[in-house]
Amino acid sequence: MSRARAAAESTVSVRDMRERDVRHVERIENQVSAIPWPRHMLMAELGSAKTIDLVALDGASLAGYLLASRYADVWHILNVAVDVPFRRRGIGRALMHALFLRAAGPGLLGFTLEVRVSNAGAISLYEGLGFVSRGVRPGYYSDNREDALIMWREPFAGVVP
Ligand SMILES: CC(C)(COP(=O)(O)OP(=O)(O)OC[C@H]1O[C@@H](n2cnc3c(N)ncnc32)[C@H](O)[C@@H]1OP(=O)(O)O)[C@@H](O)C(=O)NCCC(=O)NCCS
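Quick caveat: nothing in here was measured; it's all calculated off a predicted structure.

Reading guide: rules and limits
Residues numbered from 1 in each chain as written. Predicted model: local features only at pLDDT ≥ 70, side-chain atom pairs only at ≥ 80, totals over all residues. Heavy atoms only, no water. Buried < 20%, exposed > 50% of the residue type's maximum accessible area, 1.4 Å probe, protein only. Helix = DSSP H or I, 4+ residues; strand = E, 2+ residues; numbered from the N terminus. Pairing = 2+ DSSP bridges. Phe/Tyr/Trp six-rings, centres within 6.5 Å; stacked < 30°, edge-to-face > 60°. Lys NZ or Arg CZ within 6 Å of the ring centre and 35° of its normal. 1 Å grid on protein atoms, 1.4 Å probe; cavity = no way out; pocket = protein on both sides within 12 Å on 5 of 7 lines; lining within 4 Å. Points joined across faces, edges and corners; volume = space filled by probe spheres on them. Nonpolar A, V, L, I, M, F, W, Y, C, P; charged D, E, K, R; others polar.

Draft legend 1. Looking closely at the pairing of strand S3 (residues 61-71). Counting buried positions along S3 yields eight of eleven residues, so the element is predominantly enclosed. Pairing of strand S2 (residues 51-58) with S3 involves eight bridges; the strand directions are antiparallel. Following the sheet pairing, Ala 56 is matched in S3 by Gly 64. The antiparallel hairpin formed by S2 and S3 contains two residues in its connecting segment, where Gly 59 sits at a positive phi of about 60 degrees. Where S3 lies against strand S4 (residues 74-82), eight bridges are found, and the strand directions are antiparallel. Paired with Tyr 65 across the two strands is Ala 81, which belongs to S4. Here S3 folds back onto S4, and the loop between the two strands holds two residues, one of which, Ala 72, carries a positive phi near 55 degrees.

Structure follows, in structure tokens:
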């Protein structure tokens, strides 16, 4: 890692999402997602006991977020995004690492997610964290009927530096 990148990453912190974060998350969501989550869905997620919802802060700025939900012993990553000016500084990776730490515990089977087959950047992020492809959901995305790649990570999958 370069010295400049290490310095940039050191200003970033990750914590649980709070209600007052939701309007910032909603703003980013509307900019970066073709199918943005509406506020009521974000709020419902926050109220659930079976979720891990995180934000990454760069100083006072909300730079990114991650929403995950537990189904039986598997954590499903529902949404992860980083605001455009903050990308390629390790924030997406930091959010995922924070999830892995919080989700760790007896009985955990693994992590799963869907990602657009065209989303090479996100696929590269996930592969670097030990996710592997486990199939395709044809026409999964409602905006353009793009296929989703199903990815899976064992609880303690090795992290490729
Ligand atoms: C995908 C996303 C969350 C990545 O966030 P990020 O903070 O920029 O990612 P990081 O800086 O942590 O990247 C970690 C690694 O992932 C890979 N990666 C991330 N973005 C990449 C891109 N655009 N192209 C190629 N590789 C990429 C790289 O290997 C990167 O390591 P490097 O910078 O040392 O080369 C961000 O691009 C985003 O919000 N995209 C829009 C929303 C989205 O597609 N979410 C995923 C839905 S499944």
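Draft legend 2. Region of interest: the packing of aromatic side chains. Counting across every chain of the model gives four aromatic pairs. Judged by centre distance (5.0 Å) and plane angle (90 degrees), the ring pair of Tyr 140 and Tyr 141 falls under edge-to-face. The exposure class assigned to Tyr 141 is buried, which follows from its relative accessible area of 12%. Site record: aromatic cluster; members linked through ring pairs are Phe 100, Phe 111, Tyr 126 and Phe 131. Directly above the ring of Tyr 141 sits Arg 116, whose terminal nitrogen or CZ lies 4.2 Å from the centroid. Above the ring of Phe 100, the side-chain terminus of Arg 153 is found at 3.7 Å from the ring centroid.

Draft legend 3. Inspection of the layout of surface pockets at higher detail. What the largest pocket holds in volume is close to 1300 Å³. Around the largest pocket, the lining comprises 38 residues; the ones closest to its centre are Val 80, Ala 81, Asn 119, Ala 122 and Tyr 126. Sorting the residues of the lining of the largest pocket by element identifies helix H2 (22-32), S4, helix H4 (91-103), strand S5 (110-116) and helix H5 (120-128) as the ones contributing at least two each. Element by element, the count of residues in the lining of the largest pocket is highest for S4, at seven residues. Of the residues contributing to the lining of the largest pocket, the split by class is 20 nonpolar, ten polar and eight charged.

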